[in-house]
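# Descriptive structure summary
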Amino acid sequence: MTAGRWRQERTGHVDGTELAVWGRREDPDAGAAPAPHVVLVHGFEERWDSWKPLLEHLPRTVRASALSLPWRAGSAHTWPRHGDAATWLSRGFDALDRPPDLVVAHSFGACALLQLLARHPTHPYGAVPAALVAPVWRVGDPSLTPEFFAEARTRFRRTITEGLRVQLHSRGRTVHGELLRIMAGKVLERVEPEGFLQFYLELARLPDLPVEKITAPLLVVSGLGDTAAPGGDLEVLRGRARDVTVHRAPDLGHFCQTEQPAQVARQLTDFLPMLRLPHSAEEMRTA
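Here goes a summary of the coordinates provided.

The rules behind the values
- Residues numbered from 1 in each chain as written.
- Predicted model: local features only at pLDDT ≥ 70, side-chain atom pairs only at ≥ 80, totals over all residues.
- Heavy atoms only, no water.
- Helix = DSSP H or I, 4+ residues; strand = E, 2+ residues; numbered from the N terminus.
- Buried < 20%, exposed > 50% of the residue type's maximum accessible area, 1.4 Å probe, protein only.
- Contact = heavy atoms within 4.5 Å.
- Areas by Shrake-Rupley, 256 points an atom, 1.4 Å probe, with all protein chains shown as cover.
- Arc of directions from axis to C-beta.
- Pairing = 2+ DSSP bridges.
- Patch = residues over 30% accessible without salt bridge, like charges linked within 9 Å, V, L, I, M, F, W, Y side chains within 5 Å.
- Salt bridge = Lys/Arg side-chain N within 4 Å of Asp/Glu carboxyl O.
- Axes fitted to C-alpha atoms, helices over the stretch in contact; angles between N-to-C directions.

### Brief notes about the overall build of the protein
- Looking only at helices and strands, the protein features 10 helices and 8 strands.
- Buried residues in the protein amount to 52% of all 287 residues.
- Across the protein, every contact between residues at least 6 apart in sequence was considered, and the portion connecting residues at least 24 apart equals 77%.
- With the model as given, the accessible surface of the protein reaches about 13000 Å², and the carbon-plus-sulfur share is 53%.

### Some words on helix α7 (residues 231-240)
- Considered for burial, the residues of α7 that qualify are Gly231, Asp233, Leu234 and Leu237. Buried residues of α7, viewed axially, fall in a sector of 160°; they line one side. With respect to the buried face of α7, the exposed residues turned more than 90 degrees away are Gly232 and Gly239.
- Summarising the contacts, the buried residues of α7 are in contact with α3 (108-119), β6 (130-133), β7 (218-223) and β8 (244-249).

### Comments concerning the pairing of strand β5 (residues 102-106)
- Burial analysis of β5 places 5 of its 5 residues in the buried class, the great majority of the element.
- By the alternation rule, side chains of β5 split into Leu102, Val104 and His106 and Val103 and Ala105, which are all buried.
- Pairing analysis gives 4 bridges linking strand β3 (residues 37-41) to β5, with the strands arranged parallel. Residue pairing for β5: Leu40 is matched across the bridge by Val104.
- Relative to β6, β5 runs parallel, the two sharing 4 bridges.

### Describing unusual backbone geometry
- In this structure, His77 takes a positive phi of about 60° despite not being glycine.
- The topology assignment puts His77 in the loop between β4 (63-68) and α2 (85-94).
- Its relative accessible area of 0% is what places His77 among the buried residues.
- Phi is positive for Ser107, which is not a glycine, with a value near 55°.
- Residue placement: Ser107 occurs in the loop between β5 and α3.
- Overall, the relative accessible area of 6% leaves Ser107 in the buried class.

### Topic: the environment of Gly12
- Along the chain, Gly12 turns up in strand β1 (residues 7-14).
- Residues Gly12 and Ala95, 83 residues apart in the sequence, show an inter-C-alpha distance of 8.4 Å.

### Some thoughts on a nonpolar patch on the surface
- Residues Phe149, Leu197 and Leu201 make up a contiguous nonpolar surface patch of roughly 280 Å² in combined accessible area.
- Within the fold, Phe149 resides in helix α4 (residues 146-167).
- Given a relative accessible area of 43%, Phe149 falls into the partly exposed group.

### What to know about the side chain of Ser90
- Within the element layout of this structure, Ser90 appears in helix α2.
- Discounting chain neighbours no more than four positions away, the residues touching Ser90 are Leu116 and His123.

### Points about the sheet that holds β3
- Taken together, 8 strands build an open sheet; the order of strands is β1-β2-β4-β3-β5-β6-β7-β8 and the sheet is mixed. Strands with a single pairing partner mark the edges of an open sheet, and in this sheet they are β1 and β8. Each strand of the sheet is rotated relative to its neighbour by a mean of 15°, with strand direction disregarded.
- Pairing of β3 with β4, which is carried by 5 bridges, proceeds in the parallel orientation. Following the sheet pairing, His37 is matched in β4 by Arg63.
- With respect to the sheet, α2 is in contact with β1, β2 (17-24), β3, β4 and β5, its orientation differing from that of β2 by roughly 45°.
- Along the sheet, α7 contacts β6, β7 and β8; its crossing angle with β8, the most-contacted strand, is approximately 160°.

Here's what the structure looks like:
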């Protein structure tokens, strides 16, 4: 395959819901060692290709597989009728043709990965290094009162709107605020209420996760000002899990894999040296 080019490698359906694997790889040189395989898990109302900016900052020789999961953008969000997020993620892993060397998951996808690792520690990929980018793992939320529900819905709407702005790429920086609000309203008409309810039903399972059972080394990358991924909760995760490295920076946003991809790529490379991230423009051109 031509370097940097993506193609849909396989697709399937479970109870009418599509799962797909998109891949980027190079044809290996004869006798060369297999390229590191990075598997990417998108967040809620995102797409598999939200990872493209990040992959531009990793060597072209890295093999990447991006899962397209049922909580993708445009979904009707009826997927929980046929399994929770961890179950769907496991099905996505089953579609891979080669085990990953690193799994990178964003936001809601990171929480799905945490659930899989904690509840199914003997999963075939249960010990594979995992990077959680801006995970929305929360242990400090109060009881489900009307006040909390209203605040959670506001937070959900804000994140969906910000995600839409990021998906618009350069247009998102110039689109008029009122137009963005109208566009976000159309998305929310589809996503709410079912998507919102399913999102928070999944998050409600997280405080009781037996994260101490996770055997995989974990890297957490998050922003200091990211209200969707509270720092105090991440410190609880670091204190309870066996092997957790937390990197938090003031200039990382919730969608840092798209907006600050170079910083996230550098953290991945430091976490897993076998990725061999080039450190100069010349190295990037020749990698």
